[in-house]
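Structural features, examined
Here are the chains, one letter per residue:
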Amino acid sequence: MKIIYIMDPLCGWCYGNSDNILKLYDQYKNDLDFEILSGGMWTGSNVRKQSPQMVNFFLKHDEAVTKRTGITFGEGYFELLKQEIVLDSEIPSRAMVSVKTIAPEQVIPFMVAVQKARYYWGKDLNVDATYLEICKNLGIDQEQFLAAFHSEEMKQATLQNFNDAAQYAQSFPTMLVEKDGKYAIIEQGYASFTELEKHIELLKNRVV
């Protein structure tokens, strides 16, 4: 049985869900496999600079995220919204794919730390320093990370990751359970930890 989680590092609702996925991982990592896929929300022709109009859109959604999930958006994030940074999901997604390759047991803590870096601490996800700090905190070899992160192999693997994600979902976050070759969606948008746990326990005890 496997949990498949489709998210995007630049998705506010995915940040709102980050505590839940970390709790699920801590609870089930010894019993279930976890597959994390980034959806590539801001990639290719969708890559753009953060504009005042976009910021207004983000803030409206962030307010809804806080109200629904209880998560906190940090002061650093609100400062980051004043900058015209580039929004490109490929870069943080490639960082995640790199960690999945070199330290797979750390991919979920790394994913959550990447989301927190932007949405709480206000870090720029376009620069190496943001990821190197996370690697240091999680005990991931920084040189090994950089070598993977900037490799052509990881760039191609990230594109494949986007293709794989698209087979499961077009909206984020989405969580599925795979059991005996069958799939059940247990989250599309946002669900509480209690709801997710209930669905997983039910599926563990019966054939999907």
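Scroll up to find the structure this text is about.
Residues numbered from 1 in each chain as written. Predicted model: local features only at pLDDT ≥ 70, side-chain atom pairs only at ≥ 80, totals over all residues. Heavy atoms only, no water.

So, on to the sheet that holds strand 5 (residues 174–179). In space, the four strands of this open sheet follow the order 2-1-5-6, with mixed pairing throughout. Looking at which strands have only one partner, the edges of the open sheet turn out to be strand 2 (33–38) and strand 6 (182–188). Here the average twist between neighbouring strands, direction ignored, is 20°. Pairing of strand 1 (residues 2–7) with strand 2, which is carried by six bridges, proceeds in the parallel orientation. (Pairing = 2+ DSSP bridges. Helix = DSSP H or I, 4+ residues; strand = E, 2+ residues; numbered from the N terminus. Axes fitted to C-alpha atoms, helices over the stretch in contact; angles between N-to-C directions.)

Looking now at the packing of helix 5 (residues 90–102) against helix 8 (residues 142–149). Running from N to C, helix 5 and helix 8 cross one another at 120°; their axes reach a closest spacing of 9 Å. The orientation of helix 5 relative to helix 8 falls into the category oblique. Handedness of the helix 5/helix 8 crossing: right-handed. Listed contacts from helix 8 to Ile91, Arg94, Ala95, Ser98, Val99 and Ile102 of helix 5 are Gln144, Phe145, Ala148 and Phe149. Here the contact of helix 5 with helix 8 is built from residues that sort into seven nonpolar, two polar and one charged. (Parallel < 35°, antiparallel > 145°, perpendicular 65-115°, else oblique. Left-handed = near helix turned anticlockwise from the far one by under 90°. Contact = heavy atoms within 4.5 Å. Nonpolar A, V, L, I, M, F, W, Y, C, P; charged D, E, K, R; others polar.)

Structurally, Glu90 can be placed in helix 5. With relative accessibility at 17%, the residue Glu90 sits in the buried group. A polar contact of 2.8 Å, which involves the side chain of Glu90, links it to the side chain of Arg94. Sequence-distant contacts of Glu90, that is, excluding residues within four places in its chain, are made with Trp42, Thr43, Lys155, Thr158 and Phe162. (Buried < 20%, exposed > 50% of the residue type's maximum accessible area, 1.4 Å probe, protein only. Polar contact = N/O pair within 3.5 Å; in protein donor to acceptor, adjacent residues only side chain to side chain.)

Within a pair of aromatic rings, the relevant descriptors are the distance that separates the centres and the angle that separates the planes. Scanning all chains against the criterion turns up 16 aromatic pairs. An angle of 65° between the planes, with centres 5.1 Å apart, marks the rings of Tyr15 and Phe73 as edge-to-face. One end of the pair, Tyr15, is in helix 1 (residues 12–16); the other, Phe73, is in the loop between helix 3 (52–69) and helix 4 (75–80), with 58 residues separating them in the sequence. Of the residues examined, Phe73 reaches a relative accessible area of 7% and is grouped as buried. On the numbers, 6.3 Å between centres and 40° between planes, the contact of Tyr131 with Phe145 is tilted. Of this pair, Tyr131 sits in helix 7 (residues 128–138) while Phe145 sits in helix 8, placing them 14 residues apart in sequence. Grouping residues by exposure puts Tyr131 and Phe145 together as buried. The structure contains a cluster of three or more aromatic residues connected by ring pairs, namely Tyr15, Phe73, Tyr77, Phe78 and Tyr119. Against the face of Phe193 rests Lys23, its NZ or CZ located 4.2 Å from the ring centre. The lysine or arginine in question, Arg94, covers the ring of Phe149, its NZ or CZ lying 4.6 Å from the ring centre. (Phe/Tyr/Trp six-rings, centres within 6.5 Å; stacked < 30°, edge-to-face > 60°. Lys NZ or Arg CZ within 6 Å of the ring centre and 35° of its normal.)

This next bit is on the pattern of salt bridges. Tallied over the full model, the rule gives five salt bridges. Across the pair Glu133 and Lys123 runs a salt bridge, and its minimum N-O distance is 3.8 Å. A residue pair is termed long-range when its members are at least 10 positions apart, and Glu133 in helix 7 and Lys123 in the loop between helix 6 (107–119) and helix 7 qualify at 10 residues. As a salt-bridge pair, Lys204 and Glu201 come within 4.0 Å of each other at their nearest N and O atoms. Of this pair, Lys204 and Glu201 both sit in helix 10 (residues 193–204), three residues apart, roughly one helical turn. (Salt bridge = Lys/Arg side-chain N within 4 Å of Asp/Glu carboxyl O.)

To continue, consider helix 10. In this model helix 10 runs 16 Å from its N-terminal to its C-terminal C-alpha over 12 residues, within 8% of the 16 Å that 1.5 Å per residue would give. Those residues of helix 10 that fall on the buried side of the exposure criterion are Phe193, Leu196, Ile200 and Leu203. Down the axis of helix 10, the sector holding all buried residues measures 100°, keeping them to one side. Within helix 10, the exposed residues directed more than 90 degrees away from the buried face are Thr194 and Lys198. Tucked into the core, helix 10 has its buried residues touching strand 1, helix 2 (18–28), strand 5 and strand 6. (Expected span 1.5 Å × (residues − 1). Arc of directions from axis to C-beta.)

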